Amino acid sequence: MTHEQLLDAYARLTVRTGLNIQPGQQLLITAPLDAVALVRAITEHAYRAGASLVTTIYADDQTTLARYRFAQADSFDEAPTWLFNGMAEAFRGGAARLAIAGENPALLAGQDPQKLSRANAARSRAYRPALELITGFAINWCVIAAATPAWARSVFPGLDEADAMERLWRAIFACTKADLPDPIAAWETHNADLRRRTEFLNQRRYRALKYRGPGTDLTVGLAEEHYWKGGGGRALNGVFCNANIPTEEVFTAPHKDMVEGTARSSKPLSYQGSLIDGIGVRFERGRIVEMSAEKGEDAFRSLISTDEGAARLGEVALVPHSSPISRSGIIFNNTLFDENAASHIAVGQSYTENIRDGSKRSKEELAALGANASLVHVDWMIGSGDLDVDGILHDGKAEALMRKGEWAI
């Protein structure tokens, strides 16, 4: 297929399988400026599916960078609260949410870490009402990616821009199954495979997970009444959607106070314009008490200092080392893809869907069960072909879940 045909197939997959837009439903999209062609294709398919209104908010890397270069120093505690309140209002009114990733992974490298910390904290506080609706799975939502020149150059630095863009788009289409003859049918099969994994894990009711790998010797207690999820799921508005395209993970809620040991990242983390690599942490009683990073240490320290919950875990996810994204051999410098190439953990907010009847429980009840609360939710990768994972039963017996990064069940 031509690039235009593949882009159209990707857009249709996003609308039909990712979002599953319903007749009469509004859609709110956020996207980088360089994703205009994809946004236009998605908008067309959304209206064909019956969307009543599609609204897109574009972000521009250069205007973001201009703030850090020229804005007054006392302005970095501000965020567009009015915008995020409007987004939360749209979600409460039933609008679907699509986020298109593709920003420059190292846009803000070299900028004042204090400005980054203050700006990220202000944004996190302002976005929280909308974030809670997302993490609570109140609506159908989806995250996808679009190739952009800056992102492509970071992934393929040895190629000229045109070749880098072509390779990145080709990788996106392959990893999302958009290049298959029937992508929607392929996703139905893939969702069924992930559902079988979650059904097994939910039947076993492990008390904890034990990770062993290079730089990682970690025991993660699981929240009481935790629930494994993976692939597509039904939002509280009744719509079945796939929150991430691609996705290879099964995930659940750790207990915020029951994480002990050390963990080391296996892939770089792109966070708010900073590339963070070589992360090493030590947990005591659920909290990170020591940390370092070979690159971007200030940015990671700022992240886990956002609030009390930012230094605790809100998600654990298992991904086989042989996932299609891992097999591609590409380090994407983009969490949407890299987290689906390796098992990972996330600091910050827990997903209420990972607690049984989580949507019906108060914040206090969720906290009592071990769910974490925070202004942030950021995944980072610890999986590799050398990672072993055991499931620990309530009697203390260990069962092999993963060996050398592959499923043992």
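Details of the structure are given in the entry above.
Given the structure is predicted, the values throughout are model-derived calculations rather than measurements.

A. Local environment of the pattern of salt bridges. According to the stated counting rule, one finds 21 salt bridges in the structure shown. Residue Arg312 is joined to Asp257 by a salt bridge in which the shortest nitrogen-to-oxygen separation is 3.3 Å. Here Arg312, found in the loop between helix H9 (297–304) and strand E16 (313–318), pairs with Asp257, found in strand E11 (residues 254–264); they are 55 residues apart in sequence, far enough to count as distant. The class of Arg312 is buried, set by a relative accessible area of 12%. What you see here is one network of salt bridges that share partners, running through Lys256, Asp257, Arg287, Glu308 and Arg312.

B. View of the sheet that holds strand E3 (residues 96–101). The sheet built from four strands is open, its strands ordered E2-E1-E3-E4 with parallel pairing. Strand pairing shows two members of the sheet lacking a second neighbour, strand E2 (53–59) and strand E4 (141–145), which therefore form its edges. This sheet shows a mean twist of 15° between the axes of neighbouring strands, independent of strand direction. Where helix H1 (residues 3–19) meets the sheet, its contacts fall on strand E1 (26–32), E3 and E4, and the angle it forms with E4 comes to roughly 155°.

C. Expanded view of the pairing of E2. Sheet topology places E1 next to E2; seven bridges connect them, and they run parallel. Along E2, the bridge assignment pairs Leu27 with Val54. The β-α-β motif built from E1, the intervening helix H2 (residues 36–48) and the parallel element E2 has right-handed crossover chirality.

Reading guide: rules and limits
Residues numbered from 1 in each chain as written. Predicted model: local features only at pLDDT ≥ 70, side-chain atom pairs only at ≥ 80, totals over all residues. Heavy atoms only, no water. Salt bridge = Lys/Arg side-chain N within 4 Å of Asp/Glu carboxyl O. Helix = DSSP H or I, 4+ residues; strand = E, 2+ residues; numbered from the N terminus. Buried < 20%, exposed > 50% of the residue type's maximum accessible area, 1.4 Å probe, protein only. Pairing = 2+ DSSP bridges. Axes fitted to C-alpha atoms, helices over the stretch in contact; angles between N-to-C directions. Contact = heavy atoms within 4.5 Å. Right-handed = clockwise from strand over helix to strand, strands pointing away.

Distances and angles like these do not, on their own, reveal function.
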